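# Coordinate inspection notes
The primary structure of each chain is shown beneath.
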Amino acid sequence: MRPAGKPVQWAGPEVSIIPEPGPAPPAPAVPEKPDSPGKTPVALSRRDLAIGVGVVVLAIIATGVLAFRAGGSGAPAPAAARPSASPSASGPPTTAQIYQAVAPSVVTIQTTLPDGGATGTGVIANQAGLILTAFHVVKGGTAIKIVYADGTESAAAVAGSNPEMDIATLTPESGPDVLVPAVMGNSGRIAVGNDVVAIGNPLGLTLSTTTGVISGLNRTAANPDGTKLTGLIQFDAAVNPGSSGGPLINARGEVIGIVVALANPTSAGTFVGIGFAVPIGAALGSSGPGEPGPEQ
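Residues numbered from 1 in each chain as written. Predicted model: local features only at pLDDT ≥ 70, side-chain atom pairs only at ≥ 80, totals over all residues. Heavy atoms only, no water.

What follows deals with the overall build of the chain. Helices and strands together make up the secondary structure of the chain, namely four helices and 12 strands. Counting over 296 residues, the chain shows a buried share of 34%. The long-range fraction of contacts in the chain, counting pairs at least 24 apart against all pairs at least 6 apart in sequence, stands at 59%. Accessible area for the chain stands at about 17400 Å²; split by element, carbon and sulfur atoms hold 59% of it. (Helix = DSSP H or I, 4+ residues; strand = E, 2+ residues; numbered from the N terminus. Buried < 20%, exposed > 50% of the residue type's maximum accessible area, 1.4 Å probe, protein only. Contact = heavy atoms within 4.5 Å. Areas by Shrake-Rupley, 256 points an atom, 1.4 Å probe, with all protein chains shown as cover.)

Here we come to the pairing of strand 3 (residues 131–134). Along strand 3, one buried face is formed by I131 and T133 and the opposite face, lined by L132 and A134, is buried too. Where strand 2 (residues 116–124) meets strand 3, three bridges bridge the pair, whose relative direction is antiparallel. Its bridge partner lying in strand 3, I124 is registered against I131. Hairpin connection of strand 2 to strand 3: six residues between the antiparallel strands, including G129 at a positive phi of 95°. Taken together, the four bridges between strand 3 and strand 6 (residues 167–172) define a ladder with antiparallel strand orientation. (Pairing = 2+ DSSP bridges.)

Here we take up the side chain of N126. Looking at the secondary structure, you find N126 in the loop between strand 2 and strand 3. Looking at N126, its side chain comes within polar contact range of the main-chain nitrogen of L130, at 3.1 Å. (Polar contact = N/O pair within 3.5 Å; in protein donor to acceptor, adjacent residues only side chain to side chain.)

Turning our attention to the pairing of strand 7 (residues 195–200). In terms of burial, strand 7 is a largely internal element, five of the six residues being buried. Pairing of strand 7 with strand 8 (residues 208–222) involves six bridges; the strand directions are antiparallel. Bridged to D195 within strand 8 is V213. In terms of strand pairing, strand 7 meets strand 10 (residues 247–249) through two bridges, oriented antiparallel. Bridge pairing links V197 to I249 in strand 10.

Turning next to the confidence of the model for the chain. On average, the chain scores 77 in pLDDT, and the residues at 70 or more come to 66%. Residue range residues 1–25 is modelled with pLDDT below 50. Its contacts to residues more than four positions away, or to other chains, number 14 contacts. Throughout residues 33–44 the model reports pLDDT below 50, and contacts reaching past four residues in sequence, or to other chains, amount to seven contacts. (pLDDT = per-residue confidence, 0-100.)

Let us now look at the nonpolar core. The biggest cluster of nonpolar side chains holds 33 residues, and the ones touching the most others in it are I109, L132, I146, L170 and I280. Looking at this core element by element, the count peaks at four residues for strand 11 (residues 255–262). Not counting the four nearest positions on each side in its chain, I109 is found in contact with A118, T119, G120, T121, G122, T133, V137, V138, I144, K145, I146 and L170. Within the second largest apolar cluster, 13 residues are counted, among which are V196, A198, I233 and L248. (Core = buried A, V, L, I, M, F, W, Y, C linked by side-chain atoms within 4.5 Å.)

So, about the sheet that holds strand 7. With antiparallel pairing, the six strands of this closed barrel are ordered in space as 7-8-9-12-11-10. Each neighbouring strand pair of the sheet contributes to a mean axis angle of 50°, computed without reference to strand direction. Examined bridge by bridge, strand 9 (residues 228–235) and strand 12 (residues 275–279) share three bridges and lie antiparallel to one another. Across the sheet, the residue bridging to Q234 is F276, located in strand 12. Along the sheet face, helix 2 (residues 95–102) touches strand 7, strand 8 and strand 10 and points at about 40° away from the line of strand 7. (Axes fitted to C-alpha atoms, helices over the stretch in contact; angles between N-to-C directions.)

It is worth spelling out the pattern of salt bridges at this point. A full pass over the atoms with the stated rule returns two salt bridges. Among the ionic pairs, E153 bridges to K145, the shortest N-O distance being 3.5 Å. Judged by relative accessible area, K145 falls into the partly exposed class, the value being 31%. A salt bridge links E254 to R252, with the nearest nitrogen and oxygen atoms 3.3 Å apart. For R252, a relative accessible area of 56% translates into the label exposed. (Salt bridge = Lys/Arg side-chain N within 4 Å of Asp/Glu carboxyl O.)

Moving on, we come to the environment of G188. Relative to the elements of secondary structure, G188 occurs in the loop between strand 6 and strand 7. Look at G188 and you get exposed, because its relative accessible area is 65%. Spatially, the C-alpha atom of G188 lies 9.0 Å from that of I280, the residues being 92 residues apart in sequence.

Bringing the sheet that holds strand 3 into the picture now. Strands sit in the order 1-2-3-6-5-4 around a closed barrel of six strands; the barrel is antiparallel. This sheet shows a mean twist of 40° between the axes of neighbouring strands, independent of strand direction.

Most peptide bonds are trans, and most residues other than glycine sit at a negative phi. Positive phi values are uncommon outside glycine, yet L207 reaches one of about 50°. A residue is classified by how much of its surface remains accessible, and L207, at 23% relative accessible area, is partly exposed. Phi at N218 takes a positive value of approximately 55°, unusual for a residue other than glycine. When you line up the elements, N218 lands in strand 8.

Have a look at this one:
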């Protein structure tokens, strides 16, 4: 909206409006040349005068058009309007961009147990299709099924495990036509206050994403069986039962941890703002046979 009383400033060069021609004035008499005796003055006819005025008008119009295209009166032409600035390719991606990049690497894990079943999350760790998850998601399972982001399903077997770190690796029997491994980050470079994103299947709500920050480092959490997990990343992105085994992701879209636990002072077992993840370096280095390899 333009402020009231402020003159309009045109974006282009100044353009003069050419008036319509009015009635032609009387043509002046042409005096006889001194050296041409006997000749009488000749007056221009209205038709001749109209033709002359028309030629002048056309010339002025042509000059005005050329001046408008060139910027007018020798002044430089104004710069073309630019589109609004877009985020730099070198800047951090948005949460939506992180989700779009990492979600194809996240899987649902369905474990059959002697007394029922369990659902958790996993992440594709390398091009061979190896899946990282939390050990308690598959512990005691008689059968394991992987459901990929595109809906492809496959049976899987435990390739390696470290119960003390609550980490396991799974080898699927098959996979989707296009396998999208996640990018592994460097958990040694994280700091309290860094932004994080969690993707998982909390309460069976597949491929849910939440955001938060790293709240603390080198935390200790107790398992239901009394064992303790140490060296954990504490974060406040919301996670709930079913999120276990999912990736904790930094602001560059790299996996820096595997979600393994949450803290709740009540017996409800739901999220109250404190989640824990095993740093990705420890997870990759402790997963036993079939480990994905060193962190990047």
